Amino acid sequence: MGKVYVIASGKGGTGKTMVAANLGATLAQQGNSVVIVDMDLGLRNLDLYFGLESHVVYDVYDVMTGVCHIKQALIKDRRFENLHIIGASPGRDKGDLTPLHARVLCEKLRDQFDYMIIDAPSGIDDGLVVAAAGADAAIIVTTPEYAALRDADIVDRQLQKLGISERYIILNKVIAELMSAGYIPRLREISTLVRPELIGVIQNDENINISTNLGIPIVLKTGTYIQANFQHIVSRLQAAEAEADAAADADAEVEVGAATAAGAASDAEVGAE
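Residues numbered from 1 in each chain as written. Predicted model: local features only at pLDDT ≥ 70, side-chain atom pairs only at ≥ 80, totals over all residues. Heavy atoms only, no water.

**What to know about the pairing of strand β1 (residues 3-8)**
Counted residue by residue, β1 has six buried out of six residues, so it is predominantly covered. Of the two faces of β1, the one lined by K3, Y5 and I7 and the one lined by V4, V6 and A8 are each fully buried. Taken together, the five bridges between β1 and strand β5 (residues 115-119) define a ladder with parallel strand orientation. Within β5, the position partnered with V4 by the bridge is M116. Note: β1 against strand β6 (residues 137-142), four bridges, orientation parallel. Bridge pairing in β6 links I7 to I139. (Buried < 20%, exposed > 50% of the residue type's maximum accessible area, 1.4 Å probe, protein only. Helix = DSSP H or I, 4+ residues; strand = E, 2+ residues; numbered from the N terminus. Pairing = 2+ DSSP bridges.)

**Structural notes on the sheet that holds strand β7 (residues 166-174)**
Across the sheet, eight strands lie side by side as β3-β4-β2-β5-β1-β6-β7-β8; this open sheet has mixed pairing. With partners counted over all chains shown, the strands left at the sheet margins are β3 (75-76) and β8 (197-203), one partner each. By the bridge criterion, six bridges tie β6 to β7 in an arrangement that is parallel. Residue pairing across strands places I140 opposite I169, the latter belonging to β7.

**Looking at the environment of L100**
Along the chain, L100 turns up in helix α5 (residues 99-110). Placed 34 residues apart in sequence, L100 and G134 show a C-alpha to C-alpha distance of 8.3 Å.

**Let's talk about the nonpolar core**
Among soluble globular proteins, nonpolar side chains are generally buried collectively. One finds M39 and L159 to be the most contacted residues of the largest nonpolar core, which totals 44 residues. In terms of nonpolar packing, the next biggest core, distinct from the first, is built from 38 residues, L23, F50, L83 and V219 among them. (Core = buried A, V, L, I, M, F, W, Y, C linked by side-chain atoms within 4.5 Å.)

**Structural notes on the pattern of salt bridges**
Pairs may arise between side chains of opposite charge once their charged atoms sit close together. Here the structure, examined in full by the defined rule, presents ten salt bridges. For D153, the salt bridge is made with R195, and the minimal N-O distance between the two is 3.9 Å. In this pair, D153 sits in helix α7 (residues 146-161) while R195 sits in the loop between α9 (187-193) and β8, placing the two residues 42 residues apart along the sequence. Taking the relative accessible area as the measure of exposure, D153 reaches 12% and is therefore buried. Residue classification places R195 among the partly exposed positions, given a relative accessible area of 43%. Salt bridges linked by common partners bring D153, D156, R157, R167 and R195 together as one network. (Salt bridge = Lys/Arg side-chain N within 4 Å of Asp/Glu carboxyl O.)

**What about the packing of aromatic side chains?**
Describing an aromatic ring pair means giving the distance of the ring centres and the angle of the ring planes. One pass over the structure, following the stated rule, counts one aromatic pair. Summarising the aromatic geometry, the rings of Y5 and Y115 are spaced 6.4 Å apart at their centres and angled 20° between planes, so their arrangement reads as stacked. Of the two residues, Y5 sits in strand β1 while Y115 sits in strand β5, which places them 110 residues apart along the sequence. No difference in accessibility class separates Y5 from Y115, as the two residues are buried. (Phe/Tyr/Trp six-rings, centres within 6.5 Å; stacked < 30°, edge-to-face > 60°.)

**A word on α5**
With twelve residues, α5 extends 17 Å between its outermost C-alpha atoms, agreeing within 8% with the 16 Å of an ideal straight helix rising 1.5 Å per residue. All buried positions along α5 are accounted for by A102, L105, C106, L109 and R110. Around the axis of α5, the buried residues are gathered within 135° of arc, so they sit on the same side. Packing partners of the buried residues in α5 comprise β1, β2 (34-38), α3 (60-64), α4 (70-73), β5 and α6 (126-131). (Expected span 1.5 Å × (residues − 1). Arc of directions from axis to C-beta. Contact = heavy atoms within 4.5 Å.)

**Some details on a nonpolar patch on the surface**
On the surface, I175, L178 and Y183 cluster together into a nonpolar patch covering about 310 Å² of accessible area. Here Y183 is to be found in the loop between α8 (176-181) and α9. (Patch = residues over 30% accessible without salt bridge, like charges linked within 9 Å, V, L, I, M, F, W, Y side chains within 5 Å. Areas by Shrake-Rupley, 256 points an atom, 1.4 Å probe, with all protein chains shown as cover.)

What follows is the structure, encoded as structure tokens:
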């Protein structure tokens, strides 16, 4: 069964969709099957980040409302062995979509992909509630500004209320000189303002803007520090997954042991009778 990550942010302009696109691309580069779903249902940008805007025929709204099958909405990026996207649908009334629609979609995608990356809308309104409904974990993308960090903390609290216990922070658009000079919050202060684990820091780089405008995930350019950053983020996520799986296995063994002991005690009582 695949794992679902929802990518969220407290405000627009943090680079959330850039992170969703390049995180998915990095996972695909490592041989995983990946689908990135644009659930920012009022807008539609993910297809632009991959240069696939002319390929969108059916979108995620069509899938969730039964207009088409999942395979009809999947768009393959031929630069990767096994990476697909599903576009969003701007300009439609989304009031008839519920968290159940998203959960059903994620359950179906789990059978086809190792990873599902959900690009959620910014903020904490109903769009986030729907987008996060089928997620196992959340990544909040923020920038080193007090307003963005406050919003990130509010999003984190909302995700916690939605039952997502595994949450992480990626700090984007960092200007190291300003941080060193104390003009923007330093990492130590940021760690006190937001509770989830900080798993990645991405410096402000004009090459990111160029790549997104060209529809080319920046991690396709090998040997850059940005590609290395995303590889480290993936490594940390996979280490956390392995740790969670080990804990789940240990809990299962404890439950089996307890059940076995209870069964043995029951047998002994029957024998005594």
